[in-house]
Amino acid sequence: MAIRKVRELGDEVLRKRCKEVPKMTIRNKILINDMLDTMYEEGGVGLAAPQVGILKQIVVIDIGDGPIVLINPKIVEESGEQTGDEGCLSVPGKAGTVTRPYYVKVRAQNEDMEEIEIEGEELLARAICHEVDHLEGRMYVELVEGELHDVEYGEEE
Ligand code: ZN
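Our subject in this report is the structure included herewith. (Residues numbered from 1 in each chain as written. Predicted model: local features only at pLDDT ≥ 70, side-chain atom pairs only at ≥ 80, totals over all residues. Heavy atoms only, no water.)

**Some thoughts on the sheet that holds strand 8 (residues 145-150)**
Stage number 1. Ordered by their spatial adjacency, three strands build an open sheet running 4-5-8, and the pairing between neighbours is antiparallel. With one partner strand each, in any of the chains shown, strand 4 (82-86) and strand 8 form the two edges of the open sheet. For this sheet, the mean angle separating the axes of adjacent strands, direction not counted, is 25°.
Stage number 2. As defined by bridge partners, strand 5 (residues 94-100) adjoins strand 8 across three bridges and the pair is classed as antiparallel. Looking at strand 8, one finds that Thr-97 is bridged to Glu-145.
Stage number 3. Set on the sheet, helix 2 (residues 122-135) makes contact with strand 4 and strand 5; between it and strand 4 the angle comes to about 65°. (Pairing = 2+ DSSP bridges. Helix = DSSP H or I, 4+ residues; strand = E, 2+ residues; numbered from the N terminus. Axes fitted to C-alpha atoms, helices over the stretch in contact; angles between N-to-C directions. Contact = heavy atoms within 4.5 Å.)

Structure representation (structure tokens):
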């Protein structure tokens, strides 16, 4: 188990675009396992590689139904709308109101580089959009309606 340091808002690495992952390597496997460990340790529902300082298109998500690993994810369908609170491990102790699609379909590769498609609604759709944004160097704070507000420890995504 290895916990990596989560980069925080203001760190330049969070503003950069990530590179595609061409193949699975031992190094990438270790990164994915460390990202999962870090997400669980920090109490998040998702984590993107740039949040641990690595500019690769890898995200991990777990909204409570088990881990999802998305490599080179692309959102191929979205519909509806939801408006709610969103947070980020890179913006500790804060949350803000963000409007996202209610439903998304994402195409990606899994840890074995097999093509997968995942559909998500509500929190899962929100988490997918949030994490895919990280890979493009986008932070949710740019989308917040109104002001960020403080949250109790453990509530942020
Ligand atoms: Zn985030």
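Don't stop here, the text continues.
**A few points about the coordination of the zinc ion**
Stage number 1. In the first shell of the zinc ion, the protein supplies Cys-88 (SG), His-130 (NE2) and His-134 (NE2), at 2.0 to 2.2 Å from the metal.
Stage number 2. We note that the donor set of the zinc ion lies within a single chain, spaced as C-x41-H-x3-H. Of this pair, Cys-88 sits in the loop between strand 4 and strand 5 while His-130 sits in helix 2, placing them 42 residues apart in sequence. (Donors = N, O, S within 2.8 Å, 3.2 Å for Na, K, Ca; no water.)

**Let's talk about helix 2**
Stage number 1. Counted at 1.5 Å a residue, the expected span for helix 2 with its 14 residues is 20 Å, and the 21 Å between its end C-alpha atoms agrees.
Stage number 2. The buried count for helix 2 comes to twelve of 14 residues, which makes it a mostly enclosed element.
Stage number 3. For helix 2, every residue scored as buried is listed here: Leu-124, Ala-125, Arg-126, Ala-127, Ile-128, Cys-129, His-130, Glu-131, Val-132, Asp-133, His-134 and Leu-135.
Stage number 4. Just past helix 2, the residue Gly-137 takes up positive phi, approximately 80°. (Expected span 1.5 Å × (residues − 1). Buried < 20%, exposed > 50% of the residue type's maximum accessible area, 1.4 Å probe, protein only.)

**Some points on the pairing of strand 2 (residues 58-61)**
Stage number 1. In strand 2, alternate side chains face the same way, and those of Ile-58 and Val-60 on one face and Val-59 and Ile-61 on the other are all buried.
Stage number 2. In this structure, strand 1 (residues 46-48) lies alongside strand 2, joined through three bridges in antiparallel fashion. Bridge pairing in strand 2 places Gly-46 opposite Ile-61.
Stage number 3. Relative to strand 3 (residues 68-79), strand 2 runs antiparallel, the two sharing four bridges. Directly across from Ile-58, in strand 3, lies its bridge partner Ile-71.

**Focus: unusual backbone geometry**
Stage number 1. Despite not being glycine, Asn-72 has its phi angle at roughly 55°, a positive value.
Stage number 2. Take Asn-72: it is sitting in strand 3.
Stage number 3. Positive phi outside glycine occurs at Met-113, with the angle close to 65°.
Stage number 4. Positionally, Met-113 belongs in the loop between strand 6 (103-109) and strand 7 (115-121).

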